[in-house]
Amino acid sequence: MQIYKGLSTVGLLLISNVFMTLAWYAHLKLQSAKLITNWPLYTVILFSWGIALFEYSFMIPANRIGFEGNGGPFSLIQLKIIQEVITLSVFMLFSYVAFQQHFAWNHYAAFACLVGAVYFTFMK
């Protein structure tokens, strides 16, 4: 049961972070594609909030299922570290695909430090 809750948590966090990344950065791509260049800022904010609603619809259940206080396998700190690594993984993929961003050695080194943070967070 714990493995199911752990995998469910990670899966929901992954989906949540796809929506979060879209809510935070998709408007920049749409603007550069000249699709929303005339939208006032408040409209862009409402558009992003609409996407973020889906983020919360996956993030809240992920935290509830995964939290050890609810019978899940993760402490609060572990949940946050997992979420941060997923966030940066999704962001790196999004920025590469949508914006053709290329990463230098220091970006990979920073990501390796985050993976190290996961390791140290789960150490007994």
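What comes next is a walk through the structure. Within each chain, residues carry numbers counting from 1 in the order of the written sequence. Whole-chain, interface and lining totals are the exception, using all residues; otherwise, since this is a predicted model, local features are given only for residues with pLDDT of at least 70 and side-chain atom pairs are given and counted only at 80 or more. Water and hydrogen atoms were dropped before computing side-chain values, which therefore reflect all heavy atoms in the structure.

1. Observations concerning the overall build of the protein chain
Here comes step 1: Along the protein chain, the regular secondary structure elements total four helices and zero strands.
Here comes step 2: Taken along its principal axes, the extent of the C-alpha atoms in the protein chain is 50 × 35 × 20 Å.
Here comes step 3: Burial statistics for the protein chain: of 124 residues in total, 29% are counted as buried.
Here comes step 4: Two residues qualify as a contact provided that any one of their heavy atoms is within 4.5 Å of a heavy atom in the partner residue. A sequence separation of at least 24 residues applies to 70% of the contacts in the protein chain between residues at least 6 apart.
Here comes step 5: Only the protein chains shown count as cover for residues, and all accessible areas are computed by the Shrake-Rupley method using a 1.4 Å probe. Accessible surface computed for the protein chain: about 8,200 Å², of which carbon and sulfur atoms make up 73%. Numbering of helices and strands starts at the N terminus; helices are DSSP runs of H or I of at least 4 residues and strands are runs of E of at least 2. Think of it in three bands: with a 1.4 Å probe and only protein chains considered, a residue is buried below 20% of the maximum accessible area for its type, exposed above 50%, and partly exposed in between.

2. Some thoughts on helix α2 (residues 41-66)
Side chains of residues three or four places apart in an α-helix project in the same direction, reflecting 3.6 residues per turn.
Here comes step 1: To estimate how far a helix should extend, the number of its residues minus one is multiplied by 1.5 Å. Here α2 spans 36 Å end to end across 26 residues, near enough to the 38 Å set by a 1.5 Å rise per residue.
Here comes step 2: If you check which residues of α2 are buried, you get V44, S48, I51, A52, E55, M59, A62 and G66.
Here comes step 3: Looking at the packing, one finds that the buried side of α2 touches α1 (2-32) and α3 (76-99).

3. A closer look at the pattern of salt bridges
Here comes step 1: A side-chain nitrogen of Lys or Arg and a carboxyl oxygen of Asp or Glu constitute a salt bridge if their distance falls within 4 Å. Scanning the entire structure with this criterion turns up one salt bridge.
Here comes step 2: Ionic pairing is found between E84 and K80, a salt bridge with its closest N-O pair at 2.8 Å. Note that E84 and K80 are positioned in helix α3 at a spacing of four residues, about one turn of the helix.

4. Here's the deal with the packing of α3 against helix α4 (residues 105-122)
Here comes step 1: Think of each axis as a best-fit line through the C-alpha atoms, taken over the contacting stretch in the case of a helix, with angles from 0 to 180 degrees between the N-to-C directions. Taken N-terminus to C-terminus, the directions of α3 and α4 make an angle of 160 degrees; their axes are 9 Å apart at the nearest point. Here α3 lies roughly antiparallel to α4, going by the angle between them. With respect to the hand of their crossing, α3 and α4 are arranged in left-handed fashion. Every residue of α4 that contacts α3 at I77, Q78, I81, I82, V85, L88, S89 and M92 is listed here: Y108, F111, L114, A117, V118, T121 and F122. Working definition: roughly parallel below 35 degrees, roughly antiparallel above 145 degrees, roughly perpendicular at 65 to 115 degrees, and oblique for all remaining angles. With the far helix as reference, a near helix turned anticlockwise by less than a right angle produces a left-handed crossing, and one turned clockwise produces a right-handed crossing.

5. A few points about the packing of aromatic side chains
Here comes step 1: Note on ring pairs: Phe, Tyr and Trp rings are taken, using the six-membered ring of Trp, and paired if centres are within 6.5 Å. Classes follow the plane angle, with under 30 degrees stacked, over 60 edge-to-face and the rest tilted. Here the structure, examined in full by the defined rule, presents nine aromatic pairs.
Here comes step 2: Members of the aromatic cluster, each reached through a chain of ring pairs, are F19, F54 and F58.
Here comes step 3: Placement of a charge over a ring requires the Lys NZ or Arg CZ to be within 6 Å of the ring centre, with the centre-to-atom vector within 35 degrees of the ring normal. Just above the ring of F99 sits the side chain of K29; from NZ or CZ to the centre is 5.6 Å.

6. Section: the environment of M1
Here comes step 1: Along the chain, the position of M1 falls in the segment before α1.
Here comes step 2: Given a relative accessible area of 72%, M1 falls into the exposed group.
Here comes step 3: A sequence separation of 104 residues divides M1 from W105, and the C-alpha atoms of the two residues are 39 Å apart.

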